[in-house]
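The primary structure of each chain is shown beneath.
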Amino acid sequence: MPRAFITGITGQDGSYLAELLLEKGYELHGVVRRTSALTRSRLDHLYRDPAIYGRRLFLHYADLDDPTTLRRALFKAAPQEVYHLAGQSHVGLSFDLPESTCELTAMGTLRLLEMLRDLPAPARFFHASSCEVFGQPAQVPQDEQTSLAPVTPYGCAKAFATQMVSVYRASFGLFASNGIMFNHESPRRGENFATQKICRAAAAIKLGREREVSLGNTAAERDWGHARDYVRAMWLMLQQERPEDYVIATGRVHRVQDVIEIAFATVGLDWREHVRQDPRLFRPAEPQRLVGNAAKARRQLGWEPATTFEEMIREMTEAALRQLAA
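Residues numbered from 1 in each chain as written. Predicted model: local features only at pLDDT ≥ 70, side-chain atom pairs only at ≥ 80, totals over all residues. Heavy atoms only, no water.

## Some thoughts on helix H10 (residues 309–325)
Think of an α-helix as 3.6 residues a turn; residues three or four steps apart then line up on the same face. Our working rule: The numbering of helices and of strands both runs from the N terminus, where a helix is a DSSP run of H or I of at least 4 residues and a strand a run of E of at least 2. In this scheme, a helix's expected span is set at 1.5 Å multiplied by one less than its residue total. Buried residues are those whose accessible area, probed at 1.4 Å on protein chains only, stays under 20% of the maximum for their type, while exposed residues exceed 50% and partly exposed ones sit between those limits. Summarising the geometry, the arc corresponds to the directions from the helix axis toward the C-beta atoms.
Along its 17 residues, H10 runs 24 Å from first to last C-alpha, staying within 8% of the 24 Å computed at 1.5 Å per residue. All of the buried residues along H10 are Phe 309, Met 312, Ile 313, Met 316, Thr 317, Ala 319, Ala 320 and Leu 324. For H10, the arc enclosing every buried residue in end-on projection is 160°, short of the 170-degree limit, so these residues lie on one face. Residues of H10 that are exposed and angled more than 90 degrees away from the buried face: Arg 322 and Ala 325.

Next up, the structure:
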């Protein structure tokens, strides 16, 4: 039974990846932060299954800024594959929390790479990089050869981590791959992200719980895919003969405004009556025209996104409607 280790297993991507790996017969070890809350909603269905939890799924208390606990969990798990998804993942918050963003996202990755060097048996390593490393790209669309030019603290932290993965691969022979992930969403996305905020607002307004929603730059554009598709690419990267970096993206760009229109149409409402723009919610710097070219992933991994943007937003809105109505 292959063994895998996931940092950030309680997050959106971590929960989908956990399901995928369990379906493929893995023994799975995940890192969770010790908090006063016992509920980990994205993993509850696995945690409560006695045939899975404690038999094939094991959770370890550790944190990226606590090397002792992280090292202990990693060495106890002794995995063949390590998927590094944890970190401060909200781009907007990184302007308010630049130091902690860099500590967790940049230095946390470096610490983990150092630990991998010391494992008794080598493990294959996946790092979840981000399209935010491109920031103000010199070319459109972006691929694996595009220069890094981040414009946010989050992007800078991810750029550091991405380049360190490349250094450790070249210098120490680690099987280490960067997945340069463009934006990906799902019903499990956190409520402080724009897509989920919009979908939940549309559902709440439909149910009469709210009257309007305030948003920032609705003209902002992103290449959005579904997290369920993107974690499949993560797994495929670690099944290759040699480690390489891959852009994972749909190649299609949409506006925040498109999210608004699809979400409100899904619940049968006119968005113009409920959406307000708030200049205070604009970011100090906004990446420009981030759209990915995933030709390499299609060619070498055989990867294709299975869910369209429109299907994803409808799924998120319908899920929010069911959750709020329960």
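Let's pick the thread back up.
## Re the packing of aromatic side chains
The line we're drawing: Pairing of aromatic side chains here covers Phe, Tyr and the six-membered ring of Trp, requires ring centres within 6.5 Å, and sorts the geometry by plane angle: under 30 degrees stacked, over 60 edge-to-face, intermediate tilted.
Under the counting rule described, the total for this entry stands at six aromatic pairs. A ring pair is formed by Tyr 47 and Tyr 53, whose centres lie 4.5 Å apart and whose planes are at 50°; its orientation type is tilted. Tyr 47 gets classed as partly exposed once you look at its relative accessible area, which sits at 40%. For the ring pair Tyr 230 and Trp 303, a centre distance of 5.6 Å and an interplane angle of 85° mean the geometry is edge-to-face. With Tyr 230 in helix H7 (residues 227–237) and Trp 303 in the loop between helix H9 (295–301) and H10, this residue pair connects regions lying 73 residues apart in the sequence.

## Regarding the pattern of salt bridges
What counts, and what does not: Any Lys or Arg side-chain nitrogen found within 4 Å of a carboxyl oxygen on Asp or Glu counts as a salt bridge.
Taken as a whole, this structure holds 17 salt bridges when the rule is applied. In this structure, Asp 63 and Arg 33 form a salt bridge, with 3.0 Å as the shortest nitrogen-oxygen distance. Pair noted here: Asp 63 is in the loop between strand S3 (57–61) and helix H3 (67–77) and Arg 33 is in the loop between strand S2 (27–32) and helix H2 (44–47), with a separation of 30 residues, a long-range link. On the basis of relative accessible area, Asp 63 is assigned to the buried category, the value being 16%.

## A few points about the environment of Arg 255
How we decide: In this analysis, two residues are considered to be in contact whenever any of their non-hydrogen atoms come within 4.5 Å of each other.
With respect to the helices and strands, Arg 255 occurs in strand S12 (residues 254–255). Separated by 246 residues in sequence, Arg 255 and Ile 9 place their C-alpha atoms 29 Å apart. Sequence-distant contacts of Arg 255, defined by excluding residues within four places in its chain, comprise Thr 218, Ala 219, Ala 220, Glu 221, Trp 224 and Glu 261.

## Topic: the sheet that holds S2
Where we set the bar: Any two strands with at least two DSSP bridges between them are considered paired. To get an axis, fit a line to the C-alpha atoms, keeping to the stretch in contact for a helix; angles then go from 0 to 180 degrees between the N-to-C directions.
Reading across the sheet, the seven strands line up as S3-S2-S1-S4-S5-S6-S11 and stay open at both edges, with parallel pairing between neighbours. Both outer strands of the open sheet, S3 and strand S11 (246–248), are each paired with one neighbouring strand and no more. Sheet twist, expressed as the mean angle between neighbouring strand axes with direction ignored, is 20°. With five bridges connecting them, strand S1 (residues 3–7) and S2 associate as parallel partners. When the bridges of S2 are listed, Thr 7 appears paired with Val 31. Packed onto the sheet, helix H4 (residues 98–118) meets S1, strand S4 (81–84) and strand S5 (124–130) and runs at close to 170° relative to S4. On top of the sheet, helix H5 (residues 153–172) reaches S5 and strand S6 (176–181); it is set at about 155° to S5, its chief contact.

## Concerning unusual backbone geometry
Among all residues except glycine, the phi angle is most often negative; among peptide bonds, the trans geometry is most common. The linkage connecting Val 140 with the following residue, Pro 141, adopts the cis geometry, with an omega of 0°. Even without a glycine there, the phi angle at Ala 78 is positive, about 50°. With respect to the secondary-structure elements, Ala 78 resides in the loop between H3 and S4.

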